[in-house]
Amino acid sequence: MSVGSVCNRVVVYIDKHESIRAAARLMQQSCVGDVVVAERVNGLNTPIAILTDRDLVLEVIAEALDPDYLKVKDVISDFFIYVYEDEGINEVLDRMEKHGVCRAAVTNKMGELVGIFTVDNLIASMAEQLGYAVPMMQRYQGQTEATRY
């Protein structure tokens, strides 16, 4: 199964020159805990970082910094993971675990942002698949038990 088949294709993104307050408001309005920081490269939105609500707490609020003065580029980490939408989930999960992250920006082969992959996406997909499998198993068990008697 590919990352592209389970990632969230509705991605909230922001420019690195926006204020931290703008990023926080965007997260609030979009009901998300992260935004992908993207810049335009050859006309495409290309991911360069992921800013999380945890980053806002640890880097801004805990340090009593001014969210109107600080820009997104002042807070984002130099390291983040992006993956191609056709990569396998196991490969991506291995890479995420190795680097200690729980989110990855998803791009197409041209480097354009097309989604975001989180462990939550995987769990939701697995739960949906199990939801289909359980009734099938129950039907099969019922048929098997009926033939015993």
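Everything discussed here concerns the structure shown above.
Residue positions are given per chain, counting from 1 as you read along its sequence in written order. In keeping with the model being predicted, local features are shown solely for residues with a pLDDT of at least 70 and side-chain atom pairs are shown and tallied solely at 80 or more, while totals for entire chains, interfaces and linings include all residues. Excluding hydrogens and water, the side-chain values take into account all heavy atoms of the structure.

K.L.:
Account for the nonpolar core, naming residues and giving values.
P.N.:
In globular proteins that are soluble, nonpolar side chains generally tend to be buried together. Core analysis: the biggest nonpolar cluster contains 15 residues, and Ile20, Val37, Leu51 and Val72 have the highest contact counts within it. The secondary structure listing takes helices from DSSP runs of H or I that are at least 4 residues long and strands from runs of E that are at least 2 residues long, numbered from the N terminus. Broken down by secondary-structure element, the contributors of at least two residues to this core are helix H1 (20-30), strand S2 (34-41), strand S3 (44-52), helix H2 (53-61) and helix H3 (72-75). Note on contacts: a residue pair qualifies if any of its non-hydrogen atoms lie within 4.5 Å across the two residues. Ignoring sequence-local partners within four residues, the contact set of Ile20 consists of Leu51, Leu56, Val60, Pro67, Leu70, Lys71, Val72 and Val75. Formed by 13 residues, the second largest nonpolar core is a distinct cluster that contains Cys7, Ile81, Val83 and Val114. By nonpolar core is meant a set of buried Ala, Val, Leu, Ile, Met, Phe, Trp, Tyr and Cys residues that side-chain atoms within 4.5 Å join together. For every residue, the accessible area obtained with a 1.4 Å probe (protein chains only) is divided by the maximum for its type, and the residue is called buried under 20%, exposed over 50%, and partly exposed between those limits.

K.L.:
Can you break down the sheet that holds S2 residue by residue, with the values?
P.N.:
One requirement defines pairing of two strands: DSSP has to find at least two bridges between them. Strand order in this open sheet of three strands is S1-S2-S3, and the pairing throughout is mixed. Strands with a single pairing partner mark the edges of an open sheet, and in this sheet they are strand S1 (13-14) and S3. As defined by bridge partners, S1 adjoins S2 across two bridges and the pair is classed as parallel. Its bridge partner being in S2, Tyr13 is matched across the sheet by Val36.

K.L.:
Help me get a handle on the pattern of salt bridges, residues and values and all.
P.N.:
Each reported salt bridge corresponds to a side-chain nitrogen of Lys or Arg within 4 Å of a carboxyl oxygen of Asp or Glu. According to the stated counting rule, one finds six salt bridges in the structure shown. Asp86 serves as the salt-bridge partner of Lys109, at 3.6 Å between the closest nitrogen and oxygen. With Lys109 in the loop between strand S5 (103-107) and strand S6 (113-118) and Asp86 in the loop between strand S4 (82-84) and helix H4 (89-99), the pair connects residues that are 23 residues apart, well separated along the chain. Look at Lys109 and you get exposed, because its relative accessible area is 57%. By relative accessible area, which is 51% here, Asp86 ends up exposed.

K.L.:
I'd like a rundown of the packing of H1 against H2, residues and numbers included.
P.N.:
Relative to each other, H1 and H2 sit at 145 degrees, their axes nearing to 10 Å. Considering only the axes of H1 and H2, their crossing is left-handed. For the pair H1 and H2, the contacting residues are Ile20, Ala24 and Met27 in the first and Asp53, Leu56 and Val60 in the second. Under this scheme, a helix contributes an axis fitted over its contacting stretch, all axes are lines through C-alpha atoms, and angles between N-to-C directions fall in the 0 to 180 degree range. Whether a crossing is left-handed or right-handed is set by the direction in which the near helix is turned from the far one by less than a right angle, anticlockwise for left-handed and clockwise for right-handed.

K.L.:
Describe the pairing of S5, naming the residues involved and giving the relevant values.
P.N.:
The element S5 is largely enclosed, with a buried count of four among its five residues. As judged from the three bridges shared by S4 and S5, these two strands associate in the parallel manner. Following the sheet pairing, Tyr82 is matched in S5 by Ala105. Between the parallel elements S4 and S5, the chain passes through H4 in a crossover that is right-handed. Note: S5 against S6, five bridges, orientation antiparallel. The residue of S6 that forms the bridge with Arg103 is Thr118. Hairpin connection between S5 and S6: a loop of five residues separates the two successive antiparallel strands, and Gly111 in this loop has a positive phi of roughly 90 degrees. When the strands point away from the viewer, a crossover counts as right-handed if the route from the first strand across the helix to the second turns clockwise.

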